[in-house]
Amino acid sequence: KMDMVKVQKDDILLLYTDGVIEARNGNSFFGEDRLRRLVQEEGCCLDVLPDTILQRVLEFTRGVLNDDVAILACSWVPDGGDPSRPVSTRLLAAC
């Protein structure tokens, strides 16, 4: 399925592998809802967001990852935006 989304100033695109949301603690998954709450609670400081997500996943799983984890957070500033605020990306991968 293809869809289009209008990107607004200061929006953040968060891409992650299934190792994030399928991380387990017993029979419980980290899950999309927990990830969504984490992003909303922590705010969206792009520079630390992937590291913060990985830290929370590791806390949830007691330090055990059974799948690879990759997290990419990026933002976009449209033409005419604040030139002192560069386009940013942050990629984190853990195996």
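Values in this document were obtained by computation on a predicted structure and should not be read as measured data.

Describing helix α2 (residues 31–42)
Because each turn of an α-helix spans 3.6 residues, side chains separated by three or four positions in sequence point in the same direction. The end-to-end C-alpha distance of α2 is 17 Å, a good match for the 16 Å that 12 residues give at a rise of 1.5 Å each. All of the buried residues along α2 are Gly31, Leu35, Leu38 and Val39. Mapping the buried residues of α2 onto a view down its axis gives an arc of 120°, with all of them on the same face. For α2, exposure combined with an orientation more than 90 degrees from the buried face picks out Gln40 and Glu41. Taken together, the buried residues of α2 touch β1 (12–16), α1 (18–21), β3 (28–29) and α3 (49–60).

Some thoughts on α3
Helix length check: α3 (12 residues) gives 16 Å between terminal C-alpha atoms against 16 Å at 1.5 Å per residue, within 8%. Following α3 by one or two positions, Arg62 adopts a phi angle in the positive range, close to 60°.

Quick word on the pattern of salt bridges
By the definition in use, this model includes one salt bridge. Salt-bridge contacts for Arg36 lead to Asp33; the nearest nitrogen and oxygen are separated by 3.0 Å. Residue Arg36 and its partner Asp33 are located together in helix α2, separated by three residues, close to a single helical turn.

Quick word on a negative patch on the surface
A cluster of acidic residues, Asp18, Glu22, Asp67 and Asp68, forms a negative patch at the surface. Looking at the element boundaries, Asp18 is found in helix α1. Asp18 sits in the partly exposed class, given a relative accessible area of 38%.

Some points on the nonpolar core
In terms of nonpolar packing, the biggest core is built from 16 residues, with Val20, Phe30, Leu35, Ile53, Val57 and Ile71 touching the most fellow members. For this core, the elements supplying multiple residues, two or more each, are α1, α2, α3 and β4 (69–75). Per-element accounting of this core gives the leading share, five residues, to α3. Among residues more than four places away in sequence, those in contact with Phe30 are Val20, Ile21, Ala23, Leu35, Leu38, Arg56, Val57 and Phe60.

Quick look at the confidence of the model for the protein
Across the protein, the average pLDDT comes to 82, with 78% of residues at or above 70. Model confidence for the protein, summarised as mean pLDDT per element, is weakest for strand β5 (residues 89–94) at 51 and strongest for β3 at 97.

Regarding the packing of α2 against α3
For any two helices packed against each other, one specifies the crossing angle of their axes together with the interaxial distance. Running from N to C, α2 and α3 cross one another at 130°; their axes reach a closest spacing of 11 Å. Judged by the inter-axis angle, α2 sits oblique to α3. The interaxial crossing formed by α2 with α3 has right-handed handedness. Residues Arg34, Leu35, Leu38, Val39 and Glu42 of α2 touch α3, and the partners they reach there are Leu49, Thr52, Ile53, Arg56 and Phe60. Looking at side-chain class alone, the contact of α2 with α3 contains six nonpolar, one polar and three charged residues.

Rules used throughout
Starting afresh in each chain, residues are numbered from 1 along the sequence in its written order. Residues qualify for local features only when their pLDDT is at least 70, as the model is predicted, and side-chain atom pairs are given and counted only at 80 or more; totals for whole chains, interfaces and linings, by contrast, use all residues. Neither water nor hydrogens contribute to the side-chain values; these are computed over all heavy atoms in the structure. Secondary structure elements follow DSSP: runs of H or I no shorter than four residues count as helices, runs of E no shorter than two count as strands, and numbering proceeds from the N terminus. By this rule, a helix spans an expected 1.5 Å times one less than how many residues it contains. A simple rule labels every residue: compare its accessible area, found with a 1.4 Å probe on the protein chains alone, to the largest value its type can have, and call it buried under 20%, exposed over 50%, or partly exposed in between. Here the arc refers to the set of directions running from the helix axis out to each C-beta atom. In this analysis, two residues are considered to be in contact whenever any of their non-hydrogen atoms come within 4.5 Å of each other. The term salt bridge refers to a side-chain nitrogen of Lys or Arg lying within 4 Å of a carboxyl oxygen of Asp or Glu. Every patch collects residues that have over 30% relative accessible area and no salt bridge, joining them within 9 Å if they carry like charges and within 5 Å if they are nonpolar side chains (Val, Leu, Ile, Met, Phe, Trp, Tyr). Note on areas: these come from Shrake-Rupley sampling with a 1.4 Å probe, and a residue is covered only by the protein chains present in the view. Working convention for charge: Lys and Arg count positive, Asp and Glu count negative, and His plus the chain ends are omitted. Every charge is mapped to an atom, namely NZ of Lys, CZ of Arg, CG of Asp or CD of Glu. The set of buried Ala, Val, Leu, Ile, Met, Phe, Trp, Tyr and Cys residues whose side-chain atoms join them within 4.5 Å is what this entry labels a nonpolar core. Predictor confidence is given residue by residue as pLDDT, running from a minimum of 0 to a maximum of 100. Convention adopted: a line fitted to C-alpha atoms gives each axis, helices being fitted over their contacting stretch, and angles between N-to-C directions are expressed from 0 to 180 degrees. An angle counts as roughly parallel when it lies under 35 degrees, as roughly antiparallel when it exceeds 145, as roughly perpendicular when it falls between 65 and 115, and as oblique in every other case. Each helix crossing is assigned a hand: it is left-handed if the near helix lies turned anticlockwise from the far helix by less than a right angle, otherwise right-handed if that turn is clockwise. Basically, the charged four are Asp, Glu, Lys and Arg, the nonpolar ten are Ala, Val, Leu, Ile, Met, Phe, Trp, Tyr, Cys and Pro, and anything else, Gly included, counts as polar.

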